[in-house]
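# Structural characterization, general
Now for the letters of each chain:
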Amino acid sequence: MKILNNTVKVKNSKKRVGRGIGSGKGKTSGRGVKGQKSRSGVAINSFEGGQMPLYRRLPKRGFNPINKDKTAKINLDQLQKFVDMKRINSSDLINLETLKKTKIIKKPYLKFKILSNGNLTTKINIEADFSSISAKNKIEKLGGVLKIKNTK
């Protein structure tokens with residue numbers, strides 16, 4: 001280390017290991033004597049001496065939720081958009097099977113819920129597993145029918 005003007009460090013000199021006993025890092029170069037850690041090419045970061053490592057003892061969680069929700073949720077404004085685009089016929093019964101046939105719902109959902117976000121302008125008949133109270137009120141206000149399946 002060189003010092004300029006009594007206070008400022010300019011550069012730390014590099015350790016030169018294995019350059020004789022006078023350097024303080026000679027012979028074994030600060031690695032001790034024998035053993036795995038004294039050799040080159042050693043990677044023992046998570047090795048626990050043959051014991052099952054911690055990362056293998058803990059259960060896998062990651063991005064796979066344990067209680068995955070198998071319910072499709074659709075808002076009233078989305079339904080209205082599909083009716084306007086003529087992907088859904090407003091006179092037909094709308095249920096999970098018809099939404100899967102028209103490829104509006106693509107994932108393997110088991111149940112279907114109506115939510116009340118947005119406005120509905122056409123009269124529709126829906127069969128769903130669940131519904132919010134405000135969605136039910138909006139559908140029935142227009143003269144539509146919302147049938148809730150018996151789910152247990």
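The shown structure was predicted, so the numbers you read here are calculated from the model rather than taken from an experiment.

So, how was this worked out
Residues numbered from 1 in each chain as written. Predicted model: local features only at pLDDT ≥ 70, side-chain atom pairs only at ≥ 80, totals over all residues. Heavy atoms only, no water. Helix = DSSP H or I, 4+ residues; strand = E, 2+ residues; numbered from the N terminus. Buried < 20%, exposed > 50% of the residue type's maximum accessible area, 1.4 Å probe, protein only. Contact = heavy atoms within 4.5 Å. Areas by Shrake-Rupley, 256 points an atom, 1.4 Å probe, with all protein chains shown as cover. Lys, Arg positive; Asp, Glu negative; His and termini not counted. Charge placed at Lys NZ, Arg CZ, Asp CG, Glu CD. Pairing = 2+ DSSP bridges. Phe/Tyr/Trp six-rings, centres within 6.5 Å; stacked < 30°, edge-to-face > 60°. Lys NZ or Arg CZ within 6 Å of the ring centre and 35° of its normal. Core = buried A, V, L, I, M, F, W, Y, C linked by side-chain atoms within 4.5 Å. Salt bridge = Lys/Arg side-chain N within 4 Å of Asp/Glu carboxyl O. Patch = residues over 30% accessible without salt bridge, like charges linked within 9 Å, V, L, I, M, F, W, Y side chains within 5 Å.

Bringing the overall build of the chain into the picture now. Per the secondary structure count, the chain includes four helices and eight strands. Secondary structure elements in the chain, listed N-terminal to C-terminal, are β-β-α-β-α-β-α-β-β-β-α-β. Overall, the chain is about 95 × 50 × 25 Å in size when its C-alpha atoms are taken along their principal axes. Here the chain, with 152 residues, has 22% of them falling under the buried criterion. Here the contacts in the chain between residues at least 6 apart in sequence split such that 38% fall between residues at least 24 apart. Surface summary for the chain: the accessible area is close to 12,400 Å², and the carbon and sulfur share equals 51%. On the chain, the mean spot of the 37 positive side-chain charges and the mean spot of the 9 negative ones are 26 Å from each other.

Once that is clear, we can look at the sheet that holds strand S8 (residues 145-148). Pairing within the open sheet is parallel, and its three strands lie in the order S4-S6-S8. Two strands close off the open sheet at either side, each with one partner strand: strand S4 (93-94) and S8. By the bridge criterion, four bridges tie strand S6 (residues 125-128) to S8 in an arrangement that is parallel. Bridge pairing in S8 places Ala-128 opposite Ile-148.

One open sheet accounts for three strands, arranged S3-S5-S7; its pairing is parallel. This sheet does not close on itself; its edge strands, each paired only once, are strand S3 (71-75) and strand S7 (130-131). Taken together, the five bridges between S3 and strand S5 (residues 111-115) define a ladder with parallel strand orientation. Paired with Lys-73 across the strands is Lys-113, a residue of S5.

Any pair of aromatic rings gets described here by the distance separating the centres and the angle formed by the planes. Under the definition given, this model contains zero aromatic pairs. Stacked on the ring of Phe-82, the Lys or Arg Lys-81 has its end atom at 5.6 Å from the ring centre.

What follows is about the nonpolar core. Buried together is how nonpolar side chains tend to be arranged in soluble globular proteins. Core analysis: the biggest nonpolar cluster contains 21 residues, and Leu-79, Ile-88, Leu-99, Phe-112, Ile-114 and Ile-126 have the highest contact counts within it. Of all the secondary-structure elements, those providing two or more residues to this core are S3, helix H2 (76-84), helix H3 (96-101), S5, S6 and helix H4 (133-141). With four residues, the single largest contributor to this core is H2. In this view, Ile-114 contacts Ile-74, Leu-76, Leu-79, Ile-126, Ala-128, Phe-130, Ser-131, Ser-132, Ala-135, Ile-139 and Leu-146; residues no more than four positions away in its chain are not counted.

Taken as a whole and judged by the stated rule, the model has three salt bridges. With a closest N to O distance of 2.8 Å, Glu-48 and Arg-57 form a salt bridge. Exposure remark for Arg-57: the relative accessible area of 44% places this residue in the partly exposed category. Between Lys-73 and Asp-69 there is a salt bridge, with the nearest N and O atoms lying 2.6 Å from each other. A relative accessible area of 47% places Lys-73 in the partly exposed class.

On the surface, Lys-81, Arg-87, Lys-103 and Lys-106 cluster together into a patch of positive charge. Considering the arrangement of structural elements, one finds Lys-81 in helix H2.

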